[in-house]
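If you want the building blocks of each chain, they are given just below.
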Amino acid sequence: MIGAGIVIVLILLSLTAPVLSPYDPQAQDLSLRLQPPSASHWLGTDEYGRDVLSRMLYGGRISLSVGFVAVGISLLIGIMLGAIAGYFGGWVDQLIMRTVDVVLCIPTLFLILMLIVFLGPNLFNIMVIIGLTSWTELSRLVRAEFLSLRQRDYIQAARALGVPDFIIIFKHILPNALAPVFISATFGIAGAILLESGLSFLGLGVQPPTPSWGNILTTGKDYITQAWWLTLSPGISIFLTVLGYNLLGDGLRDVLDPRLSGGEEHA
Amino acid sequence: MPNLKLSGVQVLFRDARQQPVPVVREVSFETQPGKTLGIVGESGSGKSMTALSILGLVPFPGKVKGSIKYHDKELIGLPDEKYEKIRGAGISIVFQDPATALNPVFTIEKQLVETILAHRQIETREAKKQALDSLMGVDIPSPEKRIKDYPHQFSGGMKQRILIAMALSCDPDILILDEPTTALDVTVQAQILDMVERIQNFNKMTIILISHDLGIISEISDEVAIMYAGRIVEHGTIKDILDNAQHPYTRGLLDSIPKLGVHKAKLNAIGGFPPNPSELPSGCPFHPRCPRKIEKCVQQDPPYTMNKLKFACWNPGPTNG
Amino acid sequence: MHMDMNPNVSPDSIAEMKKMYGLDKPIPVQYADWVGRLMRFDFGRSFLDQRPVIAKIADRLPATLLLSGLSLFTIFILAIPLGVYSAMHHNSKKDRFITVFTFVGYSIPAFWLALLCMLFFGVILGWLPISGMRSVNHDMLGAVDKFWDYCAHLILPVFISAFGGLASISRYTRSNMLEVVRQDYIRTAKAKGLPRHSVYYLHALRNALLPIITIIGLALPGLIGGSFIFETIFSWPGMGRLAYESAMNFDYPTIMGIAVIGAMLTLIGNIIADILYAAVDPRIRL
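Residues numbered from 1 in each chain as written. Chains lettered and ligands numbered in written order. Predicted model: local features only at pLDDT ≥ 70, side-chain atom pairs only at ≥ 80, totals over all residues. Heavy atoms only, no water.

## Re the overall build of chain B
Inference 1: Summing up its helical and strand segments, chain B has twelve helices and twelve strands in all.
Inference 2: For 321 residues, the compact-globule estimate of 2.2 N^0.38 gives 20 Å, and the C-alpha radius of gyration of chain B, at 21 Å, lies within 12% of that figure.
Inference 3: If you line up chain B on its principal axes, its C-alpha atoms span 65 × 50 × 40 Å.
Inference 4: When the 321 residues of chain B are sorted by exposure, 53% land in the buried category.
Inference 5: Pairs at least 24 apart in sequence give 64% of the contacts found in chain B among residues at least 6 apart.
Inference 6: For chain B, the computed accessible surface area is about 14,700 Å², with 53% contributed by carbon and sulfur atoms.
Inference 7: Put simply, chain B has 37 plus and 36 minus side-chain charges, and the middle of one group is 3 Å from the middle of the other. (Helix = DSSP H or I, 4+ residues; strand = E, 2+ residues; numbered from the N terminus. Rg over C-alpha atoms; globule rule 2.2 N^0.38 Å. Buried < 20%, exposed > 50% of the residue type's maximum accessible area, 1.4 Å probe, protein only. Contact = heavy atoms within 4.5 Å. Areas by Shrake-Rupley, 256 points an atom, 1.4 Å probe, with all protein chains shown as cover. Lys, Arg positive; Asp, Glu negative; His and termini not counted. Charge placed at Lys NZ, Arg CZ, Asp CG, Glu CD.)

## Some details on the packing of aromatic side chains
Inference 1: All told, the structure shown has 15 aromatic pairs over all chains when counted by the stated rule.
Inference 2: A ring pair is formed by C:Phe47 and C:Tyr252, whose centres lie 6.2 Å apart and whose planes are at 90 degrees; its orientation type is edge-to-face. Of this pair, C:Phe47 sits in the loop between helix 2 (27-39) and helix 3 (53-88) while C:Tyr252 sits in helix 10 (residues 252-280), and the two are 205 residues apart along the sequence.
Inference 3: A relative accessible area of 33% places C:Phe47 in the partly exposed class.
Inference 4: With relative accessibility at 22%, the residue C:Tyr252 sits in the partly exposed group.
Inference 5: Ring-pair connections join several aromatic residues into one group, and the members of that group are A:Phe118, C:Phe47 and C:Tyr252.
Inference 6: Its guanidinium or amino end placed over the ring of B:Tyr304, B:Arg231 lies 4.9 Å from that ring's centre, counting from NZ or CZ.
Inference 7: Over the aromatic face of B:Phe95 sits the side chain of C:Arg187, whose NZ or CZ is 3.7 Å from the ring centroid. (Phe/Tyr/Trp six-rings, centres within 6.5 Å; stacked < 30°, edge-to-face > 60°. Lys NZ or Arg CZ within 6 Å of the ring centre and 35° of its normal.)

## Quick word on unusual backbone geometry
Inference 1: Cis geometry is adopted by the peptide bond preceding A:Pro209, which originates at A:Pro208 and carries an omega value of 10 degrees.
Inference 2: Across the junction of B:Phe60 and B:Pro61, the peptide omega takes the value 0 degrees, indicating a cis bond.
Inference 3: With a phi close to 65 degrees, B:Asp72 is a non-glycine residue in the positive phi region.
Inference 4: Following the sequence through the fold, B:Asp72 ends up in the loop between strand 4 (63-70) and strand 5 (73-74).
Inference 5: Within the chain, B:Glu179 stands out as a residue other than glycine whose phi angle is a positive 45 degrees.
Inference 6: The residue B:Glu179 is located in the loop between strand 7 (174-178) and helix 8 (186-203) in this model.

## Some thoughts on the interface of chain A and chain C
Inference 1: In this assembly, 38 residues from chain A lie in contact with 46 residues from chain C.
Inference 2: Carbon and sulfur atoms make up 79% of the surface buried where chain A meets chain C, a total of about 3,800 Å² over both sides.
Inference 3: On inspection of chain A and its partner chain C, the count reaches zero salt bridges.
Inference 4: Put simply, chain A and chain C have three residue pairs in polar contact (both at pLDDT 80 or more) between them.
Inference 5: For the side of chain A that touches chain C, the secondary structure elements donating two or more residues are helix 4 (90-105), helix 5 (108-119), helix 9 (165-201), helix 10 (213-222) and helix 11 (229-256) of chain A.
Inference 6: Here the residues of the side of chain A that touches chain C are counted per class, giving 25 nonpolar, nine polar and four charged. (Buried area = accessible area lost by both parts, 1.4 Å probe. Salt bridge = Lys/Arg side-chain N within 4 Å of Asp/Glu carboxyl O. Polar contact = N/O pair within 3.5 Å; in protein donor to acceptor, adjacent residues only side chain to side chain. Nonpolar A, V, L, I, M, F, W, Y, C, P; charged D, E, K, R; others polar.)

## Topic: helix 11 of chain A
Inference 1: In a regular helix each residue adds 1.5 Å, so 28 residues correspond to 40 Å; helix 11 of chain A covers 40 Å between its end C-alpha atoms and thus fits that length.
Inference 2: Across the 28 residues of helix 11 of chain A, 20 count as buried, placing the element largely inside the fold. (Expected span 1.5 Å × (residues − 1).)

## A few points about the confidence of the model for chain A
All names here are of chain A.
Inference 1: Taken as a whole, chain A shows an average pLDDT of 84; of its residues, 96% reach a score of 70 or greater.
Inference 2: Taken element by element, chain A is modelled with least confidence in helix 2 (residues 17-20), mean pLDDT 78, and with most confidence in helix 6 (residues 123-133), mean pLDDT 91.
Inference 3: Note that residues 260-267 has pLDDT below 50 and, in this model, 23 contacts with residues that lie over four places away or in other chains. (pLDDT = per-residue confidence, 0-100.)

## Looking at the nonpolar core
Inference 1: Residues A:Leu204, C:Phe228 and C:Met239 are the most contacted members of the largest nonpolar core, which totals 112 residues.
Inference 2: At 14 residues, the largest contribution of residues to this core is made by helix 8 (residues 196-233) of chain C.
Inference 3: Ignoring sequence-local partners within four residues, the contact set of A:Leu204 consists of A:Leu113, A:Ile116, A:Pro121, A:Ile126, A:Leu199, C:Phe228, C:Tyr244, C:Ala247 and C:Met248. (Core = buried A, V, L, I, M, F, W, Y, C linked by side-chain atoms within 4.5 Å.)

## Some details on the environment of C:Ile215
All names here are of chain C.
Inference 1: Turning to its location among the elements, isoleucine 215 is positioned in helix 8.
Inference 2: C-alpha separation for the pair isoleucine 215 and isoleucine 169, spaced 46 residues apart in sequence, amounts to 8.2 Å.
Inference 3: Apart from the residues lying within four places of it in its own chain, the contact partners of isoleucine 215 are Ile169 and Tyr172.

## Some points on the state of the cysteines
Inference 1: Tallying each qualifying case throughout the model produces zero disulfides over all chains.
Inference 2: No disulfide involves B:Cys313; its sulfur sits 5.9 Å from that of B:Cys290, the nearest cysteine.
Inference 3: C:Cys117 forms no disulfide, and the closest cysteine sulfur to it belongs to C:Cys151, at a distance of 18 Å. (Disulfide = S-S within 2.5 Å.)

## Comments concerning the pattern of salt bridges
Pairing is possible between side chains that carry opposite charge, provided their charged atoms lie close to one another.
Residues and elements named next belong to chain B.
Inference 1: One pass over the full model with this rule turns up 26 salt bridges over all chains.
Inference 2: Its salt-bridge partner being arginine 289, residue glutamate 42 comes within 3.1 Å of it at the nearest N-O pair. With glutamate 42 in the loop between strand 3 (36-40) and helix 1 (47-55) and arginine 289 in the loop between helix 11 (248-255) and helix 12 (295-299), this pair connects stretches of sequence that are 247 residues apart.
Inference 3: Look at glutamate 42 and you get partly exposed, because its relative accessible area is 21%.

## Regarding the packing of helix 11 of chain A against helix 5 (residues 110-124) of chain C
Inference 1: Contact geometry of helix 11 of chain A with helix 5 of chain C gives a least axis separation of 10 Å together with a crossing angle of 145 degrees. Where helix 11 of chain A crosses over helix 5 of chain C, the two elements pack in a sense that is left-handed. Across from A:Thr231, A:Leu232, A:Gly235, A:Ile236 and A:Ile238 in helix 11 of chain A, the residues of helix 5 of chain C making contact are C:Phe111, C:Trp112, C:Leu115 and C:Leu116.
Inference 2: Taken together, the residues of the contact of helix 11 of chain A with helix 5 of chain C sort by class into seven nonpolar, two polar and no charged. (Axes fitted to C-alpha atoms, helices over the stretch in contact; angles between N-to-C directions. Left-handed = near helix turned anticlockwise from the far one by under 90°.)

## Regarding the side chain of A:Arg150
Residue and element names in this part refer to chain A.
Inference 1: Relative to the helices and strands, arginine 150 resides in helix 7 (residues 136-150).
Inference 2: The buried charged residue arginine 150 lacks any salt bridge partner; its closest oppositely charged side chain belongs to aspartate 93, at an N-O distance of 7.2 Å.
Inference 3: Here arginine 150 is in contact with Gly86, Tyr87, Phe88, Gly89, Ile155, Gln156 and Arg159, once residues within four sequence places are set aside.

## Some words on the sheet that holds strand 5 of chain B
Residues and elements named next belong to chain B.
Inference 1: Strand order in the open sheet made by the four strands is 2-1-4-5, with antiparallel pairing throughout. Looking along the sheet, the strands with just one partner apiece sit at the ends: strand 2 (20-31) and strand 5.
Inference 2: Examined bridge by bridge, strand 1 (residues 4-14) and strand 2 share eight bridges and lie antiparallel to one another. Each residue of the ladder has a partner; that of leucine 4, found in strand 2, is threonine 31.
Inference 3: Each of strand 1, strand 2 and strand 4 is contacted by helix 1, which is oriented at about 110 degrees to strand 1, the strand it contacts most. (Pairing = 2+ DSSP bridges.)

## Some details on the packing of helix 5 of chain A against helix 8 of chain C
Inference 1: Look at helix 5 of chain A against helix 8 of chain C: their axes get within 6 Å of each other, and the N-to-C directions meet at 55 degrees. It follows that helix 5 of chain A is oblique to helix 8 of chain C by the angle criterion. Contact with helix 5 of chain A, carried on its side by A:Leu109, A:Phe110 and A:Leu113, involves C:Ile224, C:Gly225, C:Gly226, C:Ser227, C:Phe228 and C:Ile229 of helix 8 of chain C and no other residues of that element.
Inference 2: Among the residues making up the contact of helix 5 of chain A with helix 8 of chain C, the classes are represented as six nonpolar, three polar and no charged. (Parallel < 35°, antiparallel > 145°, perpendicular 65-115°, else oblique.)

And the structure:
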């Protein structure tokens, strides 16, 4: 699986960024402004003479943590609300699902923009905001799984025996509902990374001098005719990362949930 | 003169390990105008696949081997454009589940008219008239109104009548009915079979009736072929099969038909299950379930015995006792 | 409000400001007032230039609707044939090529693609304008040239904002098509002797398209939300760019107004999709 390969390499690269980075990502050297790639600076330097490779490696850590933390938050909210709605049904379900409808109605990016303006753009807020605005899909998914699993005989039996709801939800239903959640979360990481880089690119995400692929690309845009490497490295990195998670998600879907992938055709 | 002749037809699929799996094995029969051939078998016996092979509709990646001749014309390997001329016009089929066999987004009229226009060089107006006529032929009440309706507005029995009308709209000389009444109520079943028989008396078409129910088959068939594990195990006239069946499987099917007025504590079902085509037992595939099994049955698949009946059994006999 | 921190503002003027914005009333009353104003599209005045927010949005909305509408149109015109083609050649080399393309499509950061396209078509080749909605000399052009000027300015923004949707809708069409060709009524259509093209392009496609109509509704918030990224990059004078400018200037009333209008557009889109669905699926009656 190519997807898994890309993802593992990226995780390793960002974990070992401090060791691998040839320079301090913040260290400026104005005598080496906008140098093209060379033996000493593999990916060239930026407008302050900082080493782009080092900044890319540290930026990778940012992307990765945004992906994981944001999806973690959305998993937490999505699973909890979806489980409660699907398991208890009735007015609780109605209340939660109508809330989801309302949230879905507001274009996500405007919602994010609004929250960023209120809370201020920084790494922590970005992670939380992306997490807070991306749980709706997951909650619907979890709810649907719970609705169908709730009807199974073994769950009915557990309820009849007086097993507490809390235990039924977490021990008996949730583990069986995890496959689609897991798949969706993998795609979610791809989405979150893409979103963070987009926001940082527009100056609404991670703020310089902290390096992120998005804000390196902003610099790239400003110097696009003089320093192509500043546009190419972050762009390709974002692309490969997102592609990796998307491929991984697709592969997982084939393995975990065969009924979702196209089977044979009769033609 | 037979209008359809199958000789040594095989349908092969491949399993996960790319090993060939025969779903239909060495099927041979002929049909005559105005006669009805019944094909009986449990699900998975290959009877529906045999029907699909006649129409060239075996799903990918299945392969058909042997020979299927329609009026001396070989159908196997026929290119799609030529096959399309025969489907619906020469040989028609009605499938099992009328609920899903009609396209939900088109009116009945559209689906009837497109069939007629696919085979006849006539004006749309004339085709509409013929479509209406074909609905009248299958006893749809007030067809001139209902023809503008969509499939979901009809009951299951009515949908099956529409599908029969569609199958007959271009006067095919062979009509294949694949479990046509299985999804319907018993009373509707009888009405539909009566209607089909009436049409046959009128236009002398051949009917191939496929069913798991020997009771239904015996009502309208002239000849019966019994299929087991992809092969015809016994074949003869309806009278010979009912009175003089030689194969223990046929015997078992006959014994399992409940008879009116005969009280029994329990029906005589055949024990066990039909085999998976990818793991056929050695020798005669029926031997694990056979009450008349002898040693030879385990070693070798029996060839046909040509008698008044054609059958494949090492130890035939009129009873299973 | 941040004024509390500023020692140069007198308590009197703070009180006056609070009264002006209704901040002296109890919280529930403030909330009710606010909801009431939203209902009347009264989003207050922009902090930036004191113009009514609704007027600012009204200025910008047509440009956004034009861009989103054209993008949506482009997505469906290209994605559906692509998906159908891919399904018809299921598991062939062509299908795999299209699959690779769709994965690249929804993994490539659109803003980066936008940059590359601007560089390539705008700067290097000089074929297309890369920002704004019209050229500097627009007012001096004749009617036909004016039209072409608009078109030239639209190409890159429309293409870029359609790109992501293109990938996912074609993928979706493909899987729908593969699902539909397995249905019994397709087997019936083949058994009737219908020619191959009418089996697939009439019977199968018509059914495969039904769920795609719903997707139009679902794609809308993405397009409208995404407008803030693309309009910013291409300096497109639409609502998305207004949102960005307001965000950069902490112009809360404007952002609030845009979010509400965005939600409303999404709702309208969903309603239109529902009506369309009912119109093409005979099983549903309104």
